[in-house]
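Overview (structure and organization)
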Amino acid sequence: MRLTLRCRVTLSFGFGLLVVTSVLAFATWNLASGYMLRQREASATRQAEVNVRLVERSLASPGFDELLTGLTTGPDSSILVMSPEGLVTAGRKVEPSQLPAGLVEHPPGKERITVDGLPMLAVARPVAGNAVYVELFGLQQLNRTFAFLSAVLIAGTIGSALLGAALGSWASKRALKPLTELNCAAGRIAGGDLHARLPDQDDPDLAALAAKFNSTAQALEQRALRDARFASDVSHELRSPLTTMVNAGAVLRRRREHLPGTAGTALELLTSEVDRFARMVVDLLEISRADQTDDPAPEEIALDALVRNVIATRAPVPVALEPAVVQGDRRRLDRVLTNLLDNAERHAGGAVLVSVRTAGTSARLAVEDAGPGVPEALREEIFERFARGVMAGSRGDDTGSGLGLALVRDHVHRLGGRVWVEDREAGGSRFVVEMVLRSSDG
Amino acid sequence: MCVRVLLVEDDERIRQALSLALSDEGFTVDEAGSGEEALPRLETESFDVMLVDLTLPGMDGLEVVRALRSRGDLPIIVVTARTDARDVIAGLEAGADDYVTKPLMAGVLAARIRALLRRRGPGREAVRIGELEIRPQEGLVHRAGERVHLTRTEFRLLLELAGASGRIVTREQLLQKVWGYDYFGDTRLLDVHIRRLRRKIEANPDDPELVLTVRGTGYRIRS
């Protein structure tokens, strides 16, 4: 999987700083440790020179042993004076065999060695012709300093790498913030909120992008509005002639008995189609308005009471109602239920149960019918506008506008809910509207 | 009883068709093509109900409604082709008692007209609520001894609320009883009328003491 941009920026910041600080730390280590070692060697050599001169003067004197002991500088240091007459040592016990042969045979010289696991600096000097003076200086102190120095340098390197990563993360977050906003706004537009815009940017790099995005969104919004307005205008213009037609039709229908035979049948066809036409125009207008009108402030609605009220005006339907209060626009909810009931009547011989149930944080309004059910493949499609074709078999005398379920979906979305259709266990279908529950105490 | 309806509509075809269909429903329909034509006729003739299209040439439908309302409580139904909230509310605020949207059907319109004209049932005692005195038989309302002019719809709304003597009356009940809506839904109609009623009978309409809102349910009167 490819890493995200943020991840990559963070990693490269961290890695970059790690490389830079390791190089610096390595250089520091080399310079500092070399310098300290040289200092130590120089001071050891100086001391050995001084000691050699003292030893030379008193090589044959009787207090030679004491002198050597006095010359040792600490518990770790040792002095060996090897001459053909014998070996004299002082300080820490060291065998000449432990010393490097080259150093003993060809003084003067110095070498770092390890004796009994301890780091030492051996300095050899020739004394009075054929004797060799070897002094060993303990290096533990220096090694401890080196250990401390390296610990500090390593910790510093790791710390700066982490700091680099944090910096990278912060910087990328800052740099990507406009992208996050863009993503958010694009998501809102995709979700149907055409008012979404990006905030103005003062950064010249981003201003162009933001302006472009906003103008695109603006164009999209205007286009959507134009389309909606066109549908609205068309149905609006159709209303006046329809009013004439519907009422003239009503007058004619009253005189149906004066028109026997073919003329009467034609009249019936005409008037029923005019009625359907009128319904379609009303629904079309409503659907084109659904995106435009500003809703009144949402109010609390007792869903169970609303169902009872709607059903009271229609043919009786069994109900199973739990108390549930939702937030929304009464008119929309009312329309949703009415359309679902109309749909059940039209295609499934009427609803057999209307229920309101609560589950967790949601309220579910369900309209059940015992009709033929909706095939799986059409369950999305029937909520499309003019999707009547998909239910071809059910075109009867009283077909709807083809917009009823589309209106249901529009209204439910506006109410912040979901609507779907599922199989009813005992055959038929169940249309479910799910909304956020305000409270269940009715 | 023969109900006389004055139909103010500029589209001649609609006017004719509606006129025919309403006559079929048993009304006597007089037609006027504009507000300028309708208003003088009201001086000389008496009508039971007015139907006013909101989009009229010349004098706007809203102006016609306002002019009518300032003269008396003749029931007015506005006819609108636009169902935008703004138009409907403007019409109701101007003083209309009800509204219908195009394409309107004569059957629906007839039901509305009958509901508007329906008289109250016989004999009821005068009701007192605070400073308010309602005399149902005479159709009079007094506040602190002073007559308050209510339209017929406002009066019936007040009576329905007073009749419940303090109990909650739901929006649906009010819409059903006052306007004859068997299909509830548009509570804007009710809201605007409650607002108008409050303006007339409350000391402070923004802080009502008589007609109280019961959130999410309806209204009740202070008992």
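Here the structure is a predicted model, which means the values were calculated and not measured.

Attention now goes to the overall build of chain B. Counting its secondary structure elements, chain B contains 8 helices and 12 strands. Considering chain B as a whole, with its 223 residues, one finds that 41% of them fall into the buried category. Sequence-distant contacts in chain B: of pairs separated by 6 or more residues, those separated by 24 or more amount to 56%.

With that settled, the discussion passes to helix α4 (residues 140–190) of chain A. Residue and element names in this part refer to chain A. Between the first and last C-alpha of α4 there are 71 Å, a value that for 51 residues agrees with the 75 Å anticipated at 1.5 Å per step. Among the residues of α4, those classed as buried are T157, A161, G164, A165, G168 and A185. Of the surrounding secondary structure, the elements contacted by the buried residues of α4 are α1 (5–57) and α5 (204–254). G192 sits one or two residues past α4 and shows a positive phi near 105 degrees.

Looking now at the interface of chain B and chain A. Opposite the 27 residues of chain B that make contact, chain A presents 25 residues. Of all the secondary structure elements, the ones that give two or more residues to the side of chain B that touches chain A are α1 (12–24) and α5 (106–117) of chain B. Of all the elements, α1 of chain B adds the most residues to the side of chain B that touches chain A, at 7 residues.

All names here are of chain B. As annotated by UniProt and renumbered to match this structure, "modified residue: 4-aspartylphosphate" (unreviewed entry) occupies D53. Inspection of the secondary structure assignment puts D53 in strand β3 (residues 49–53). Those residues within four positions of D53 in sequence are excluded, and the remaining contacts are V8, E9, D10, G61 and V79.

Right, let's talk about the sheet that holds strand β2 (residues 27–32) of chain B for a bit. Residues and elements named next belong to chain B. The parallel open sheet is built from 5 strands, whose spatial order is β2-β1-β3-β4-β5. Both edges of this open sheet fall to β2 and β5 (98–101), since each of them pairs with a single strand only. Neighbour to neighbour, the strand axes of the sheet diverge by 20 degrees on average, direction disregarded. Examined bridge by bridge, strand β4 (residues 76–80) and β5 share 4 bridges and lie parallel to one another. The residue bridging I77 from the neighbouring strand is D98, located in β5. Most of the contacts of α1 go to β2, to which it runs at about 165 degrees, and overall it touches β1 (3–8) and β2.

Turning next to the environment of Q98 of chain A. Relative to the assigned elements, Q98 of chain A resides in the loop between β2 (86–91) and α3 (101–105). With 18 residues separating them along the chain, Q98 of chain A and D116 of chain A place their C-alpha atoms 9.0 Å apart.

We now examine the sheet that holds strand β11 (residues 211–214) of chain B. Residues and elements named next belong to chain B. Read across the open sheet, the 3 strands follow the order β10-β12-β11; overall the sheet is antiparallel. Each of the sheet's edge strands pairs with one partner strand only, and the pair in question is β10 (169–170) and β11. Note: β10 against strand β12 (residues 218–221), 2 bridges, orientation antiparallel. Bridged to V169 within β12 is Y219. Against the sheet, helix α6 (residues 152–163) makes contact with β10, β11 and β12, and its axis sits at roughly 75 degrees relative to β12, the strand it touches most.

How each quantity is defined
- Residues numbered from 1 in each chain as written.
- Chains lettered and ligands numbered in written order.
- Predicted model: local features only at pLDDT ≥ 70, side-chain atom pairs only at ≥ 80, totals over all residues.
- Helix = DSSP H or I, 4+ residues; strand = E, 2+ residues; numbered from the N terminus.
- Buried ≥ 20, exposed ≤ 12 C-beta atoms within 10 Å, placed from the backbone.
- Contact = placed C-beta atoms within 7 Å.
- Expected span 1.5 Å × (residues − 1).
- UniProt positions renumbered as here; feature names shortened; annotations may be inferred.
- Pairing = 2+ DSSP bridges.
- Axes fitted to C-alpha atoms, helices over the stretch in contact; angles between N-to-C directions.

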